[in-house]
Amino acid sequence: MKAMIWKELRENLKWAVLAMIGLGLAEIYGLYYWDPYNNRDNGMFSLDKSTFLMATTFGCALTGLFLGFLQILPEQRRDQWATLLHRPVTRGVILRGKVVAGLVLYLFATVPPFLVCIWLVAAPGHIAPFVPGTMFAPIADLSAGMVYYFAALFLALQRGSWFGARVLGLFAAVHLSIYVTDGGEDVEVYFHSVIEAAVLMGLAIFIAAWGAILGNGPFRVRPWLGKIALIVVVLYGLFGLGDVARMLLTVGTFDQRGNTGPQYKFTKEGIPLIVWGTSGDIEKVADLDGKENTDPRYRGRLALENILSMQQVAHLIGDPHGLDLTKRFPRYRSYYTYFSPIEIQSETPLPIFWFYLPEAKYFIGFNVRTCKPVEIVDRTGFKPWGTKPQPFQYDPMTTFSGRSGETYLLNEGKTVHVINLVKEKMFDLASPDGAWIFHANMIRIPTAVPNVVEEDIVLVTFREILVYDLQGNPIATLPFHHDVDEFGTINFSLNLAHDRFFVEYGGSRWIDWSIRHLMTSYFEIVDRQGNVLNSYVLPALPIGAPQRNWVYYALEAGQTPAFWYGTVAYQNLCSALGIGHYDDRGINPFYPEWSHPPKVGLRILLVSLLWVPIAILLARRAHFSWQRTWLWAVFVFAFNFTGLLAFLLIADWPVRVPCPQCHRKRPIEETLCPHCHAVWPSPKPTGIEILDEKVPVAETVT
Amino acid sequence: MSEPTDARPVIEIDHLTKYYGTREIVSDLSLTVPRGSIYGFLGRNGMGKTTTIRIFLGLEDPTRGSAKVLGYDSRHLPPEARARIGYLPEGHHVYGWMTVKECGQFQASFYPAWNQDIFETVLTHFRLSPKMKAGHLSRGQRAGLCLALTLAPEPELLVLDDPALGLDPVARRSLLQSMLYVTRKADRTIFFSSHLLSDVERVADRIAVLDGKVLRADCTVDTFRKQIRHYVLKFRDTPPPTPDIPGLLESVRVDHEMALTLVNVTPETENHLDALHPLSIEPVDLTLEDAFISYVGERGEKTFFMNGKETK
């Protein structure tokens, strides 16, 4: 194997150098690129910058593919490949030799540019802190690139059409990439799970490639492990293809408008109305008693200006049960997970650019001229750079809830730190009687001057809402008039004169959607002393579930029974063990069918059963034995339509030619005709045969 | 699997059939190659020679039938068996970026029985320097290097697929001489395909001829040559149409002559010739090349008459 590794290294080193230069240039370009349309990234010099990650995602994948193909395709010319395979080692050893060298070359091509970029980012002279966690995303891309390397080996070694099982190796890698790049915004992807997925997928594709080189093509002659790996690769390849197809199909064919039923909205004076309409259009307006409101202000174009949603009227100020909407999953590919740049709107350039470090739990300020850190803010206040920081106490992802303009709030439970990063001042607001502050936020009130807002601070305890001005002077103390344990989803706002406060109480988030969407809400207008001036009862409105079309139902019923029931079983098990619960979709009235797993499951089973006779018919037509036929039928049943496609792509479909005896088509590999049981006839003698007796030339035994 | 004994044939092909798609390439081929023989494998292009070789070397699977080499099933040839088989495919492939010496070192690392003396001897025969870049070698030199790489492990069975393809006569001669070197030990076997009948005639003990995907001849070179006979029949006038004679390969009628090439001639065949009443019947000796061309060439009658007497 050593000779094989040496040969591969020597042969492909130049290509690895070329890939290294290409990838390095792309990564450095991505690091320094200034995108005029992406304000979020600009000025950031981080390994999680989107343009840099674009370079690593595509660059590593292309490098892997490039090196993988170059190791196989040029050598696959018939005689050259025969020379290679005829060497007295197993084909497994040949592949292992190639893979060891290939991975060394891949790392040689990808790691040095990455190290250079780390050095560029970590070296002083940039207005951004270097946090080691930002290396996770490019490392994940680097790992995914290896999967593309194996995919290239698989593509090159797998026999058959490029448009069949072969190309699915590439789509399996694409499927992994979608996961690695956190393709679904609502999917919680951890770094370790990405690495595990890359290792498993890489291993599966490698074993499938090994199975391909071991056999001369047919599925049946592969080792068991190779067969399983090929099935895994083809299934995941089909899922990857399905991801792309689903994206194309759902655009324009799904009704994604969500709730199509009536909703509560509000006048500028804070009077609730029932409004029908979707996609920004208001079709009909009614008062709370159900009578149609004919006020011309609420018709046509004027309605759009004079009717406001709750979000426009008031700010959600949280839920006392810790289900804070501001809490977001820490995406491992986002630099906000590692450091949050504090963007402060100012007419004059500010001398210090601030970042919040969520893991270290303190602020760090960079001098914009010298590009060096100069100050920090910890729980004791502003300090010069170099002083040992005393981190804020609580998880900043949940407590770093209030920020607006130059003022930031950090909630530590019974004390809220109010930090003004421009004036470099910090003071604390404590709850009056030691009550737990479950939410702290900034309220912005629009003024008559466009783009100018007035800001107040709002603290929420289990008993009351406390309103302060920016200097920390109390404005109002507003006791709750409803049980916030039950009605804990609270929206709040106030008017510019600070004499009218708007409070809406909705069902708490801990209550199941199935119950919560039937609960009554309350809307109150109160004065500075907490007296209720107006109170409205908002009964639950009917839910208008989105209209579904055939594409939706086809996709739903097309799920594999194996995976679907596996998920249900997994969730049941987790639920029983108390370590998880059903996915939100299971209790969401927008997906009523998901509230009834047996109904969806039955639909999936029925559709899956539909393919079984087709699979049996095809298998028997191709003269598969009954044992093979039933094995494939079970496979097709377990994986639904995807299974049928995989069956068509993987199974050894015999070539059939007319039987010389009965003229019906028979498989060329079978000795007996399945119809007339005739053997293949020997070629007819033509009378010109010259055949003589053979005499052994050498009888000697050495 | 038990260790094969040396009394067994080196290659045993049993009812081998190969299809590419629905096209049959090799049909029901059965062939045994005895140990110590030099076997020429002949046939026109596309008759399945290379495919047959690739199948018994385990590089492709047969559609039906089986093949054994050195007693091992071709589908499961272990590395130990491969080490005993030298294979030179027709492309004469070498890694162009390696030097001649590096090619040898690379190949030697796979073969425990590597004979450096043989390697260097063959290189010298082809006037190859170890420092030469393989990619800069001429076609003949490359063939020489490949042969050196194939012979140095001292294989029991040497399989050559059209080794002289594209070589000049000098390189061909060198190749043959080197190839024959391997048979200095009596139990070494050579199985080679070629289109160069003079080379086959020079070295082969036996030949197998594929014609129309079917094995038509499997015999010694002498037998093949003897079994194919050529007669020139002279007539006073225009020769009569060629009769339906068993074993007729080819007939050419020109003016007052009729030339017939026949296989497996019997006394009955001669009676057929006498029945044509020619002025004379003259047997003509054929070279192997002439015999082969007649054997695998177009069958039937060809005519060529001057003065517009008869044309076809």
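These numbers come from a predicted model, not from an experiment.

About the cut-offs
Residues numbered from 1 in each chain as written. Chains lettered and ligands numbered in written order. Predicted model: local features only at pLDDT ≥ 70, side-chain atom pairs only at ≥ 80, totals over all residues. Heavy atoms only, no water. Helix = DSSP H or I, 4+ residues; strand = E, 2+ residues; numbered from the N terminus. Buried < 20%, exposed > 50% of the residue type's maximum accessible area, 1.4 Å probe, protein only. Contact = heavy atoms within 4.5 Å. Areas by Shrake-Rupley, 256 points an atom, 1.4 Å probe, with all protein chains shown as cover. Lys, Arg positive; Asp, Glu negative; His and termini not counted. Charge placed at Lys NZ, Arg CZ, Asp CG, Glu CD. Pairing = 2+ DSSP bridges. Patch = residues over 30% accessible without salt bridge, like charges linked within 9 Å, V, L, I, M, F, W, Y side chains within 5 Å. Salt bridge = Lys/Arg side-chain N within 4 Å of Asp/Glu carboxyl O. 1 Å grid on protein atoms, 1.4 Å probe; cavity = no way out; pocket = protein on both sides within 12 Å on 5 of 7 lines; lining within 4 Å. Points joined across faces, edges and corners; volume = space filled by probe spheres on them. Nonpolar A, V, L, I, M, F, W, Y, C, P; charged D, E, K, R; others polar. Axes fitted to C-alpha atoms, helices over the stretch in contact; angles between N-to-C directions. Parallel < 35°, antiparallel > 145°, perpendicular 65-115°, else oblique. Left-handed = near helix turned anticlockwise from the far one by under 90°. pLDDT = per-residue confidence, 0-100. Buried area = accessible area lost by both parts, 1.4 Å probe. Polar contact = N/O pair within 3.5 Å; in protein donor to acceptor, adjacent residues only side chain to side chain. Expected span 1.5 Å × (residues − 1). Disulfide = S-S within 2.5 Å. Phe/Tyr/Trp six-rings, centres within 6.5 Å; stacked < 30°, edge-to-face > 60°. Lys NZ or Arg CZ within 6 Å of the ring centre and 35° of its normal.

Looking at the overall build of chain B
In terms of regular secondary structure, chain B is built from ten helices and 15 strands. If one aligns the C-alpha atoms of chain B with their principal axes, the spans along those axes are about 70 × 45 × 40 Å. Residues counted as buried form 58% of the 312 residues belonging to chain B. When contacts within chain B are restricted to residue pairs at least 6 apart in sequence, long-range pairs at least 24 apart make up 69% of them. Counting every atom, chain B has about 13,100 Å² of accessible surface; 50% of that belongs to carbon and sulfur. Charged side chains of chain B number 37 positive and 41 negative; the gap between the two group centres comes to 5 Å.

Things to note about the pairing of strand β13 (residues 257–263) of chain B
Within a regular strand, side chains alternate between the sheet's two faces. Residue and element names in this part refer to chain B. Burial of β13 is extensive: six of the seven residues sit out of reach of the surface. With seven bridges connecting them, strand β11 (residues 228–234) and β13 associate as antiparallel partners. Counted as the bridge partner of histidine 230 is threonine 261 from β13. Between strand β12 (residues 248–254) and β13, which follow one another and run antiparallel, lie two residues, and aspartate 255 among them has a positive phi close to 45°.

Regarding unusual backbone geometry
The backbone of histidine 663 of chain A shows a phi angle near 65°, a positive value even though the residue is not glycine. A residue is classified by how much of its surface remains accessible, and histidine 663 of chain A, at 60% relative accessible area, is exposed. With phi around 50°, histidine 92 of chain B is a residue other than glycine that occupies positive phi space. Turning to its location among the elements, histidine 92 of chain B is positioned in the loop between β6 (85–88) and α3 (100–108).

Focus: a nonpolar patch on the surface
Residue and element names in this part refer to chain A. A surface patch of nonpolar side chains, amounting to about 420 Å² of accessible area, comprises Ile28, Tyr32, Val116 and Trp119. Among the elements of the structure, α1 (2–32) and α4 (91–122) are those that each provide at least two residues to the nonpolar patch. Note on tyrosine 32: relative accessible area 48%, which makes it partly exposed.

Comments concerning empty space enclosed by the protein
Residues and elements named next belong to chain B. Evaluation of the coordinates by the stated rule reveals four cavities of 30 Å³ or more. Put simply, the largest cavity is a space of about 270 Å³. Elements represented by at least two residues in the lining of the largest cavity include exactly β6, α3 and α5 (139–151). Ranked by the residues each element gives to the lining of the largest cavity, the list is headed by β6, at four residues. Of the residues in the lining of the largest cavity, the class split is 15 nonpolar, seven polar and one charged.

Notes on the environment of phenylalanine 392 of chain A
Residues and elements named next belong to chain A. Topologically, phenylalanine 392 is positioned in the loop between β10 (381–384) and α11 (396–399). Of the residues examined, phenylalanine 392 reaches a relative accessible area of 3% and is grouped as buried. In this structure, the C-alpha to C-alpha distance between phenylalanine 392 and tyrosine 236, residues 156 residues apart in sequence, is 45 Å. Discounting residues that sit within four places of it in the chain, phenylalanine 392 has contacts with Tyr356, Lys361, Tyr362, Phe363, Val377, Asp378, Arg379, Leu410, Glu412, His417 and Ile419.

As for the packing of helix α5 (residues 136–157) of chain A against helix α7 (residues 191–214) of chain A
Residues and elements named next belong to chain A. Contact pair α5 / α7: the axes reach a minimum separation of 8 Å and the direction vectors enclose 15°. Classified by the angle between their axes, α5 and α7 sit roughly parallel to one another. Judged by the sense of rotation from one axis to the other, the crossing of α5 with α7 is left-handed. Listed contacts from α7 to Phe136, Ile139, Ala140, Ser143, Val147, Phe150, Ala151, Leu153, Phe154 and Leu157 of α5 are Phe191, Val194, Ile195, Ala198, Met201, Gly202, Ile205, Phe206, Ala208, Ala209, Ala212 and Ile213.

With respect to the confidence of the model for chain B
Residue and element names in this part refer to chain B. The predicted model of chain B has a mean per-residue pLDDT of 85, with 92% of residues at 70 or higher. Throughout residues 1–5 the model reports pLDDT below 50, and contacts reaching past four residues in sequence, or to other chains, amount to ten contacts. ipTM for the predicted complex: 0.85, alongside a pTM of 0.84.

Some remarks on the sheet that holds strand β4 (residues 64–69) of chain B
Residue and element names in this part refer to chain B. Pairing in this open sheet of four strands is antiparallel, and the strands run β2-β1-β4-β5 from one edge to the other. Single-partner strands in this sheet number two, and they are β2 (23–33) and β5 (72–73). Sheet analysis places strand β1 (residues 11–20) next to β4, joined by five bridges and oriented antiparallel. Residue pairing in the sheet places threonine 17 in a bridge with arginine 64 of β4.

Notes on the interface of chain B and chain A
On the chain A side, the residues contacting the 62 residues of chain B number 51 residues. Overall, the association of chain B and chain A removes approximately 4,800 Å² of surface from exposure, summing both partners, and the carbon and sulfur fraction of that is 58%. Together, Trp97, Phe110 and Arg216 of chain B form the three largest contributors to the area buried by chain B at its contact with chain A, with a combined 15%. Across the chain B-chain A interface, the total number found is two salt bridges. Put simply, arginine 10 of chain A and glutamate 102 of chain B hold a salt bridge, and the shortest N to O gap is 3.1 Å. Inspection of the chain B/chain A interface yields 17 residue pairs in polar contact (both at pLDDT 80 or more). At the level of secondary structure, the elements contributing two or more residues to the side of chain B that touches chain A comprise β1, β2, α1 (49–56), α2 (79–83), β6, α3, β10 (214–220) and α8 (221–227) of chain B. Ranked by residue count, the leading element in the side of chain B that touches chain A is β10 of chain B, at six residues. Considering only residue class, the side of chain B that touches chain A consists of 27 nonpolar, 20 polar and 15 charged.

A few points about the packing of α5 of chain A against helix α6 (residues 162–180) of chain A
All names here are of chain A. For the pair α5 and α6, the least separation of the axes is 9 Å and the interaxial angle reads 175°. With respect to α6, the axis of α5 lies roughly antiparallel. Between α5 and α6, the residues in contact are Ala140, Asp141, Ala144, Val147, Tyr148, Ala151, Phe154, Leu155 and Ala156 and Trp162, Ala165, Arg166, Val167, Gly169, Leu170, Ala173, Val174, Leu176, Ser177 and Val180, respectively. Classifying every residue of the contact of α5 with α6 gives 16 nonpolar, two polar and two charged.

Remarks on helix α14 (residues 561–577) of chain A
With 17 residues, α14 of chain A should reach 24 Å at 1.5 Å per residue; the first-to-last C-alpha distance of 24 Å fits that figure. Those residues of α14 of chain A lying buried are Pro561, Trp564, Val568, Gln571 and Cys574 of chain A.

A short note on helix α2 (residues 50–72) of chain A
With 23 residues, α2 of chain A should reach 33 Å at 1.5 Å per residue; the first-to-last C-alpha distance of 33 Å fits that figure. Most of α2 of chain A sits inside the fold, with 17 of its 23 residues counted as buried.

Re the confidence of the model for chain A
Keep in mind that low pLDDT regions are not for reading the predicted coordinates in detail. Per-residue confidence for chain A gives a mean pLDDT of 83, with 86% of residues at or over 70. Note that pLDDT drops below 50 for residues 697–702 of chain A; the model gives that stretch 13 contacts with residues more than four away or on any other chain.

Observations concerning the sheet that holds strand β18 (residues 474–479) of chain A
All names here are of chain A. If you walk across this open sheet you meet the four strands as β15-β16-β17-β18, and the pairing is antiparallel. Either end of the sheet is taken by a strand with one partner, and the two such strands are β15 (439–446) and β18. If you compare each strand with its neighbour and ignore which way they point, the axes differ by 25° on average. Pairing of strand β16 (residues 453–460) with strand β17 (residues 464–468), which is carried by four bridges, proceeds in the antiparallel orientation.

A short note on the state of the cysteines
All names here are of chain A. The full count for this structure, using the stated rule, is zero disulfides over all chains. Sulfur of cysteine 60: no disulfide; nearest cysteine sulfur belongs to cysteine 117 and is 10 Å away. The closest cysteine sulfur to the non-disulfide-bonded cysteine 662 is located on cysteine 676, 3.7 Å from its own sulfur. Under the relative-accessibility criterion, cysteine 662 is labelled partly exposed at 24%.

Some thoughts on the packing of aromatic side chains
All names here are of chain A. Applying the stated criterion across every chain yields a total of 46 aromatic pairs over all chains. Where tyrosine 29 meets tyrosine 33, the ring centres are 5.4 Å apart and the plane angle is 40°; that geometry is what we call tilted. The class for tyrosine 29 is exposed, based on a relative accessible area of 57%. Given a relative accessible area of 30%, tyrosine 33 falls into the partly exposed group. Here a set of aromatic residues connected by ring pairs shows up, and it is made of Phe219, Tyr236, Phe239, Phe563, Phe624, Trp632, Phe635, Phe639, Phe647 and Trp653. When the ring centre of tryptophan 626 is taken as reference, the NZ or CZ atom of arginine 620 above it lies at 4.1 Å. Across the ring face of phenylalanine 624, the terminal group of arginine 628 is positioned such that the distance to the ring centre comes to 3.9 Å.

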